[in-house]
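Report on the structure
Single-letter residue listing:
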Amino acid sequence: MINQIYIENEIKNHPRVHDILKKFKGKPPIYIDKYASIFNRKNQNFRIQKKYPSLILAQKKAGYVLKAPEDFGIGNSYNFYFSHMYNCLYDCEYCFLQGMYSSADYILFVNFEDFEEGIKDKISFLKNEKVTFFSGYDCDSLAFEKISGFVRYFLPIFKKFPNVDIELRTKSIQMDPLISMAPISNCIVAFSLMPTEMAKKIDHKAPSIEKRINMISKLASMGWKIGLRFDPLIYGENWKNLYINLFDNVFKNIDKKVIHSITLGPLRFPKAMFKKIKSMNPRSKLLSDSLTLRGNKISYSNDIELEMQSFCIELLKQYSPETLFFSCKGNF
Ligand code: SF4
């Protein structure tokens, strides 16, 4: 799974680095001064690296907690995100990370303590406000958990601040830390979903929709709050029936009381990023079909986007109150 391990000299004695290295016995690491010397090398091929990614253990130096874009939220007034990792085990065809980074290597920032401080600063500054922290934008929140221990570290911290929310966004079914602890009332486990037939074609390497729904059902029965993220909405042949089946399948398997929020988001790419993503996936039907330039974004036409949004909202209203619906158009 991991080609080579690189470690920044500055954090080579960090206890988290030692713990991670124990999981890769027989793989001698290479020590480097700065992660950028590997991650930002010129002439890298994202697609080839995706097959043999390396793991870079690094120290984040600044920007631990960032403001989420406008039009991005699940009901609270203040929204922040934080990224302990860049890149992802999965390989979704629409993933913006392919356009954002020139490398498919995984960077794991091991100085969780600095992120913790950044989070606590924001909480203390906004102490009487409603705040959501999002994780899982530059990676999947849980897919790398066995190696990173990210959720195991951060959930007990958020548990101490029940007035703020933490969203863990994922396609993973690797839920050990959650299954072995009692639900935390301010944690939302948010699963990205799309119809099975579509996911089989474009959510490469990610767990199947059936497995994700089974895991949602399990967590829901334990009392974890669940977020449903239909983002991006994918257009294609028979899309209406596919979404009817998806919603039916999801809601018959979940106790509706534990649904915290439902997000719908259109398929969208910043113009410059799209060119790069398409050039790396020249045979992608998703990236060739029905997409058009609208302002500085590439997306479906306004008509398709509105039709999909309103069709899905009407369906979802049969299962859940509209107060739980949020639209997401933000791009990081
Ligand atoms: S799960 Fe998310 S971060 Fe990972 S490849 Fe898919 S879209 Fe990208």
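Refer to the structure printed above.
Cut-offs used in this document
- Residues numbered from 1 in each chain as written.
- Predicted model: local features only at pLDDT ≥ 70, side-chain atom pairs only at ≥ 80, totals over all residues.
- Heavy atoms only, no water.
- Helix = DSSP H or I, 4+ residues; strand = E, 2+ residues; numbered from the N terminus.
- Rg over C-alpha atoms; globule rule 2.2 N^0.38 Å.
- Buried < 20%, exposed > 50% of the residue type's maximum accessible area, 1.4 Å probe, protein only.
- Contact = heavy atoms within 4.5 Å.
- Areas by Shrake-Rupley, 256 points an atom, 1.4 Å probe, with all protein chains shown as cover.
- Expected span 1.5 Å × (residues − 1).
- Arc of directions from axis to C-beta.
- Pairing = 2+ DSSP bridges.
- Axes fitted to C-alpha atoms, helices over the stretch in contact; angles between N-to-C directions.
- Left-handed = near helix turned anticlockwise from the far one by under 90°.
- Nonpolar A, V, L, I, M, F, W, Y, C, P; charged D, E, K, R; others polar.
- Core = buried A, V, L, I, M, F, W, Y, C linked by side-chain atoms within 4.5 Å.
- Near = heavy atom within 4 Å.
- Phe/Tyr/Trp six-rings, centres within 6.5 Å; stacked < 30°, edge-to-face > 60°.
- Lys NZ or Arg CZ within 6 Å of the ring centre and 35° of its normal.

When helices and strands are tallied, the protein shows 13 helices and 18 strands. For 332 residues, the compact-globule estimate of 2.2 N^0.38 gives 20 Å, and the C-alpha radius of gyration of the protein, at 20 Å, lies within 12% of that figure. With the C-alpha coordinates aligned to their principal axes, the bounding extent of the protein is approximately 55 × 45 × 35 Å. A total of 332 residues make up the protein; the buried ones form 57% of that total. By sequence separation, contacts in the protein at least 24 residues apart represent 76% of the contacts at least 6 residues apart. Here the protein has roughly 15,100 Å² of accessible surface; of this, 52% comes from carbon and sulfur atoms.

A word on helix 11 (residues 239-251). In a regular helix each residue adds 1.5 Å, so 13 residues correspond to 18 Å; helix 11 covers 18 Å between its end C-alpha atoms and thus fits that length. Looking at helix 11, one finds that the buried residues are Trp239, Leu242, Tyr243, Leu246, Phe247, Val250 and Phe251. Projected down its long axis, helix 11 carries its buried residues within an arc of 145 degrees, all on one side. Next to the buried residues of helix 11 lie helix 9 (196-202), helix 10 (209-222), strand 13 (225-233), strand 14 (259-266) and helix 13 (302-317).

Another point: the sheet that holds strand 6 (residues 85-86). Within the open sheet, the five strands sit side by side as 2-1-3-8-6. Their pairing is mixed. Both outer strands of the open sheet, strand 2 (30-32) and strand 6, are each paired with one neighbouring strand and no more. Sheet analysis places strand 1 (residues 5-8) next to strand 3 (residues 55-58), joined by three bridges and oriented parallel. What sits directly across from Tyr6, in strand 3, is Ile56.

Moving on: the packing of helix 11 against helix 13. Between helix 11 and helix 13, the shortest axis-to-axis distance is 11 Å and the interhelical angle comes to 35 degrees. The element helix 11 and its partner helix 13 pack so that their crossing is right-handed. In this structure, helix 11 contributes Trp239, Lys240, Tyr243, Ile244, Phe247 and Phe251 to the contact, and helix 13 contributes Glu307, Met308, Phe311, Cys312, Leu315 and Leu316. Each residue belonging to the contact of helix 11 with helix 13 can be placed in one class, and the counts come to 10 nonpolar, no polar and two charged.

Ranked by internal contacts, the top residues of the largest apolar core, which has 92 residues, are Phe82, Phe133, Leu228, Phe230 and Tyr243. When neighbours within four sequence positions are excluded, Leu228 is seen to be in contact with Phe191, Leu193, Ile216, Val250, Phe251, Ile254, Ile259, Ser261, Ile262 and Thr263. Grouped together as the second largest cluster of nonpolar side chains are 17 residues, Leu55, Met85, Val110 and Phe144 included.

For a regular strand, side-chain orientation follows a simple rule: the groups alternate between the two sheet faces. Among the six residues of strand 11 (residues 187-192), six are classified as buried, and the element is accordingly described as predominantly covered. The alternating pattern of strand 11 places Cys187, Val189 and Phe191 on one face and Ile188, Ala190 and Ser192 on the opposite face, and all of these are buried. Pairing geometry for strand 10 (residues 164-170) and strand 11, over five bridges, is parallel. What sits directly across from Ile166, in strand 11, is Cys187. Bridge count for strand 11 against strand 13 is five bridges, and the pairing is parallel. Residue pairing in the sheet places Phe191 in a bridge with Leu228 of strand 13.

What surrounds the ligand is the set Cys88, Tyr90, Asp91, Cys92, Tyr94, Cys95, Leu97, Cys139 and Lys171. Tallied by class, the residues present in the shell around the ligand amount to seven nonpolar, no polar and two charged.

Residues lying three or four places apart along an α-helix face the same way, a consequence of the helix completing one turn every 3.6 residues. Of all the positions in helix 7 (residues 150-159), only Phe150, Val151, Phe154, Leu155, Ile157 and Phe158 are classed as buried. Down the axis of helix 7, the smallest arc covering the buried residues is 160 degrees, so these residues share one side.

With antiparallel pairing, three strands are arranged side by side in an open sheet as 15-17-16. Bordering the open sheet on either side are strand 15 (268-270) and strand 16 (291-294), each of which pairs with just one other strand. Across the sheet, the mean angle from the axis of one strand to that of its neighbour is 30 degrees, orientation sign disregarded. Looking at chain direction, strand 15 and strand 17 (residues 297-300) are connected through three bridges and run antiparallel. From the neighbouring strand, Phe269 faces strand 17, where its bridge partner is Ile298. With respect to the sheet, helix 13 is in contact with strand 16 and strand 17, its orientation differing from that of strand 17 by roughly 60 degrees.

Now for the packing of aromatic side chains. Inspection of the entire model under this criterion finds 30 aromatic pairs. Between Tyr35 and Phe39, the aromatic rings sit 6.4 Å apart at their centres with planes inclined by 65 degrees, giving edge-to-face as the arrangement. For Tyr35, a relative accessible area of 21% puts it in the partly exposed group. A centroid spacing of 5.2 Å and a plane angle of 75 degrees characterise the contact between Trp239 and Phe311, whose relative ring orientation is edge-to-face. Taken as a pair, Trp239 in helix 11 and Phe311 in helix 13 lie far apart in primary sequence, 72 residues in all. Of the residues examined, Trp239 reaches a relative accessible area of 7% and is grouped as buried. An aromatic cluster is built from Tyr64, Phe80, Phe82, Phe112, Phe115, Phe133, Phe150, Tyr153, Phe154 and Phe158, whose rings are joined through pairwise contacts. The aromatic ring of Tyr31 is capped on one face by Lys12, whose charged end is 5.9 Å from the ring centroid.

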